[in-house]
Structure formats: structure tokens, C-alpha cells
Amino acid sequence: MNLAKNKRKLAWALGCVALGLTISGCGGGNSTSTKETLGPTGTETTTETTTETTTETTTETTTTSTTEEYQYPTRHDKDSVTPTVINKETVTVDVSSDSLYVKKVENLNDNFILGMDSSSVISLEDSGVKYFDYDGTETDLFKVLAESGINYVRVRVWNDPYDSDGNGYGGGNNDIDKAVEIGQRVTKYGMKLLVNFHYSDFWADPAKQKAPKAWDGLNINDKCDALYNYTYESLLQLYAAGVDVGMVQVGNETTSGMSSETDWKKISMLMNAGSKAIREIYPDALVAVHFTNPEKAGRYADFARRLRDNNVDYDVFASSYYPYWHGTLDNLAKVLNTISSVYGKKVMVAETSYAYTTEDTDSWGNTIGKPSTTDGNKYDYPISPAGQVNHVVNVVDTCVNQMTDCIGVFYWEGTWISVGNDWATNQTKWETYGSGWASSYAAEYDPNDAGKWYGGCAVDNQAFFDATGHPLETLKVWALMKDGNTSVPKYVDGVESVEVTFNTADTIVLPEKVNVIYNDNSSAQVNVTWDFPDSLREAIPSGGNKDYVITGTIEGGKEVECLLHVLMTNYIKNYSFETTTQGKLDNWVYEVDGTLNDDYKVLVSGENPKSGSQAFHFWANNANTVKFNVHQEITGLQAGIYNYHLGILGGANSKPALAASQNIYMYVLINGEEKYRTAMNFTTWDDGYKVYSIEGIEVEENDVVVVGFYCEANEASSWGDFDDALLNLVG
């Protein structure tokens, strides 16, 4: 299997496990259009100018708290439209299960949104996918969802996801026509629709926010006109079709910008253009903005402040939350509660999901598979049906009972399943109907991602339907969590892998017990028997720095893995920057040029450790800022030859980061004199940690040795981490 390909797919997943898509045309047509001098909410405003710098994802700008230099359009097409009346079917939510444990979510009421993103369903059905109810009868997918407790459906919309010959880019080929079709079916079964405008022709996410082809080269005023008209016309189609739209997103995961704009004033103008059109077509609908990476300290508070300072008109601050990447639920509640309390906004989880199996059903690798023991990759729950259920319940419970003004949770693409049984058949369908994440035709618009890695669905193992379209028992969680379903047998659902570290001179003792997770999400310590033969024990001391995976079993036969790190004796104390005393890093000395503040941070952080839970981290919003020196003195070394190793990870605005803008090196002083130096550099997050070495360090008895690293990074938005500093005697 192509490792580079898999790494790229994971990078796509990290950016895209929170995706979204839409239609062509954004002009005013033959309608009448007038101009008004309006603020974001339709009132005249005054000007207040402040100078500020942005987060790591946006450019420095001078913000203006009004839009008086731009006049928003106003249209009245809706006045002449009579909506279609959709005959609604009565849906009864009446499910039960004798095997699915579901904890009761206290205080969960009928107004709380339990939503499902089902954007790709039409392309799947065009590819031959059929959906069934719990009795095995073929039926409308949306009827099954409604009968299972889902009350809202989210659909992404792309402006023009087609090439000039009409070939779809894939990912559902989600233009406005598909949103209308989905919306009518959703409305028929008594659910509401969330319309998720990406304002792009294909996936908009933290990694890319590309403007639609038709908007290429437009100045910001013309782009605002185009966005307003496109939003107005798209929503007018939904309105005319009788679709019950309850909420509309202006942008998808706009963490790094929107429609090729990265300046906050321009982003805000675009958002307000969309919001104005929404208010005119669906005045009772909620307007949502959407961001991701709640685990990044201060990020959401900064976004909310900028939205306020630029008078963006919105109701809901929505976040993606994928437990693989986005930190803890407690942290999510904390940051969203801040938005509610400080800025008076409703909050919501716009995307989440969890895998129920590691099986790949469509011959295209999954974003999430079995946790890698060698990478120390542990998930919050076992990858299992019970793990999927417990994740959903805990997210909803956090939103209901730990947040002050959370209105709902949407599960991302829980209906996206395989379109066939083999690669050749699937590939043809992905290309023809757009039912994979991307087709080859997307290369013209997104050459560096979709153009290279186009293919199938990477989240079929996170769905609520099996590969044949039959609902899993886990789909019932949406209905059962209101009252709970706890009178079911208890069983061991998963076993947590363990990780231990020893030096080559140590006697290795593996844990006698491991932690098991039950289907009710409780845990316990149980005995384990390790397969660790004497022959391996005896070989380890001469193996140097090396990782070993030891397999064990618990009672009942379930297997567990232990990741054993064996290190040559390391003479650097606090080598992975794990310990501090009263806020000061133990054993290390560091000197920083410049003043540390919100735009320049040098600190120990848990964001990107190579091992353990911490690394030495830096980040600077502005160029020509980063300059620091970190070192440790070591005495009492025996005479001999030593090697010094150090890992580095990082990135900047350029992708990859420019090596020419960096002056980074590791060094060794002997008795106060620099004897050894090796240049280092970082490129992108995708490349992972690079380990640099200084080998053949000659140390005499009583020498005073200093090991250290110096960092000067001059590109804007430079960030990086240093970890695992090792000094080993090798001869």
C-alpha cells in the first residue's frame, strides 16, 4: 500500500473530517435589484477604526466596524413566489433494543436538535445504493432517520461542482438542486433542513477556502454582490419548493478564511452578505457561522471577538468536534460557554462522528482505523458499536448539561456507505455519479489534493448503516438516549493498550493489569498475561533505541498490546519537557528575545508531543519574531563517545515553510566552547517530526557538557515543537 498516499488521505481527513459542498450561477438574472447603505443588520452604522492582529490563520489587518463603503443589494423576488405545499407524513418514533446500552441524557427536550448530515445520499442512490428500515423493507432513508429520532438534516451546498463538460467533482456533487431534492424529502417526514453553504465549488475546510470559479478575480465588493445573489437565489429555490429550512450556515469551517479571503474585514463583509439574503428569504431561520479546532487555546474567543468587532450578523457559533483530534468534551464546553456568556450567542456542534468498526467496505482506506500502538494512538472509546453510541451520548450530554446555550448536535455523513463490492465497480460509480469523496474531474479545481488522491468514501466505517444499506442497531441511539436503555447485558467492549519506557540497563517489568472498557463505558483493571519470552528479554539490551510491541491476553481471550520503548541510557534530564516547578521548566534554561504575548508564545505545550504529553512549543503571528535559545548543563559524564538527538516539528504560512527564513540548530558546548552544531529546519505538519543528530561527541572525564538548541524563525505564523532530547553513550 502506498504510504505517501495514505499519509495524504490522513491529512485530508484531518482537514476534512469536517467537510461540506454546491451550485452554479450567482448573478441577479432578470430580477430587480436596488442598493441601500446598510450595516450588517440593515441599520445605518457609524465608523470606528481599531488596529489589531489576527490569529495564526488570518492576515494582519485594520478592521472597520461598519460597511459604509459597501452598499449591500436588496431583492424582492420572494414577493412573487408561492411555495409548493409538501404533504407531510406522520412519523412515529418507537424503537427498542435488547442489546444496545444507552445512557439516559437528563434534561434532553424535544427542541434540542438531533441532526444528521446526509449530503451525499442522492449520489449514492444514483450509484445503486438502497436503504432499508429495521424490518428489512426498502424505504426512504429520511423516513428511517425520522423514525430513529433524527429531527434535523444538514446538507452541504457547493456553487458549481462540475467541470466545463458537466462532469461532477464528487463528494456527492452537492449543488443547490440536490439540496432542494433532499430538503423536500426531509420536510415530508417532519424534519428541518440546515443548509450549509461552502461558498466554494468543492470542499471548504481549514486547509482550503477557495472561491468559486465564477468569482475568480472579483474585488471584494463584487464578490459580496455575487455571494448575496447566489445565497438569495439558492434559498429562493428551497423556499419555492416548500422546504422547511430552520438554519443556514454562512461558510464551512472558516477557520482559515472564506472564498479565498483571509482578511477579517472582507470575511465579515461576505458573511454579512450571506446573512442578509438569509434574513430576506427565511426570516425565522437561524444564521450560523462554523469553525473548528476548539482545542487550540484562545482560538474561538478570538474568532468571536473579531465577528463582534466587524458587526457580523449571526445567531449560532458552531464547532466541529471529532474526538480523534479536537481535545476533550470538557474543553469544548468551556470554550463554547465563553462564546455564549461573553457574546450572547447560541452554540452548536455542527459535525461529529465515531467509528463502529475498523473494516473497510468500499476498497478505499478509512480515515479512522485501528489505533496504532506504535504511534501511541489511543481513542476515547473502543472502535465498536458501543463506542460509537457512547461517543454520541456523551457529546449530546455535554451539550445539554454542561453548556449554557447549546441548541444541538449534528452527526457528519452518518449515511455515507459503500456503493459496491469491489474496487473496479466502485471506481466507475465514484467517477460517474460523484459518490466518492472526489473524482478525477476535480483536478481542474483542486489539483493538489483531489487531483492526486481522488477516490471513495473514507468514513463508511463511521456510518449508521451497513454496506448493504440496512440500519445498524446503533442508529437507535438518537431515540433511546432521551429515556435511556440500560437493561441489557454488560460485556467487555475493548481493552486499552499500554505504553512503558525503560533504559537498556533496566530490568523490564510489564504491567500486571490492564484497563478494560465495558459497553456501558465503565472501566476496570483486570489481570493480563504477556507473551514476552526470555529470548526477547535477553536481546533487548543490545538492541539500542528501539520500540517493541508485546501482545497479551485477558480472561476471555481478548488481546491487548503493550508498546515498550527501550532507550539507551539518556543523560539529559526532563528530556521530553514533561515537568515544571512553579511554572518553570525543570532542568532546562531558556532565553527568549522579545516580549511574549498573545501573538508570540514560547512555552511547554501538550498540542504536539512526540512522546509523553508535552513538547517545547513556540508560535508567532507576525514575521521576524521568533528567537530563543534552550540549553541544559550536564556534569559527571564518563569519558567516551556520545550522540545527541532532537526531534522538531513545525510549519508556517508557506507550505512547506521556507527553510531560508529559518536559523535553527542544535549544538553542544564542551567546557564553555561550542564544539558541535547541526542545522535543523521544519516544513509542514504533514511531514511529522524530523529527528536530527550530532554524532561522535568526544567527552573527557570531568568535562562540563551543555546541550541545546537555538531557534530563529522569521516567517509569519511560524510555529514549532521540539521534543525527545537524547544524549547517549555509544562508545
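Residues numbered from 1 in each chain as written. Predicted model: local features only at pLDDT ≥ 70, side-chain atom pairs only at ≥ 80, totals over all residues. Heavy atoms only, no water.

Per an unreviewed UniProt entry, the protein chain carries the name Arabinogalactan endo-beta-1,4-galactanase and comes from Anaeroplasma bactoclasticum. Taken from UniProt, the Catalytic activity (unreviewed entry) comment for the protein chain reads in full: "The enzyme specifically hydrolyzes (1->4)-beta-D-galactosidic linkages in type I arabinogalactans." Heading Sequence similarities (unreviewed entry) of the UniProt record for the protein chain holds this comment: "Belongs to the glycosyl hydrolase 53 family." (UniProt positions renumbered as here; feature names shortened; annotations may be inferred.)

Here the protein chain shows a mean pLDDT of 89. Residues at 70 or above account for 90%. Taken as a whole, residues 1-67 scores under 50 in pLDDT and shows 203 contacts with residues more than four places along the chain or in a different chain. (pLDDT = per-residue confidence, 0-100. Contact = heavy atoms within 4.5 Å.)

In this section: the packing of helix H7 (residues 299-309) against helix H8 (residues 329-343). Direction vectors running N to C along H7 and H8 enclose 25°, while the axes themselves pass 9 Å from each other. Relative to H8, the element H7 is oriented roughly parallel. Viewed along their axes, H7 and H8 form a crossing whose handedness is right-handed. In this structure, H7 uses Tyr300, Ala301, Ala304, Arg305 and Arg308 to contact H8, whose residues at the interface are Val335, Leu336, Ile339 and Tyr343. (Axes fitted to C-alpha atoms, helices over the stretch in contact; angles between N-to-C directions. Helix = DSSP H or I, 4+ residues; strand = E, 2+ residues; numbered from the N terminus. Parallel < 35°, antiparallel > 145°, perpendicular 65-115°, else oblique. Left-handed = near helix turned anticlockwise from the far one by under 90°.)

A large share of strand E8 (residues 245-250) lies buried, amounting to six of its six residues. The pairing of strand E7 (residues 192-197) with E8 spans five bridges and is parallel. Looking across to E8, one finds that valine 195 is bridged to valine 248. The β-α-β motif built from E7, the intervening helix H5 (residues 220-240) and the parallel element E8 has right-handed crossover chirality. With three bridges connecting them, E8 and strand E9 (residues 286-291) associate as parallel partners. In the strand pairing of E9, methionine 247 is matched with leucine 286. Of the crossover connections in this fold, the one passing from E8 over helix H6 (residues 264-281) to the parallel E9 is right-handed. (Buried < 20%, exposed > 50% of the residue type's maximum accessible area, 1.4 Å probe, protein only. Pairing = 2+ DSSP bridges. Right-handed = clockwise from strand over helix to strand, strands pointing away.)

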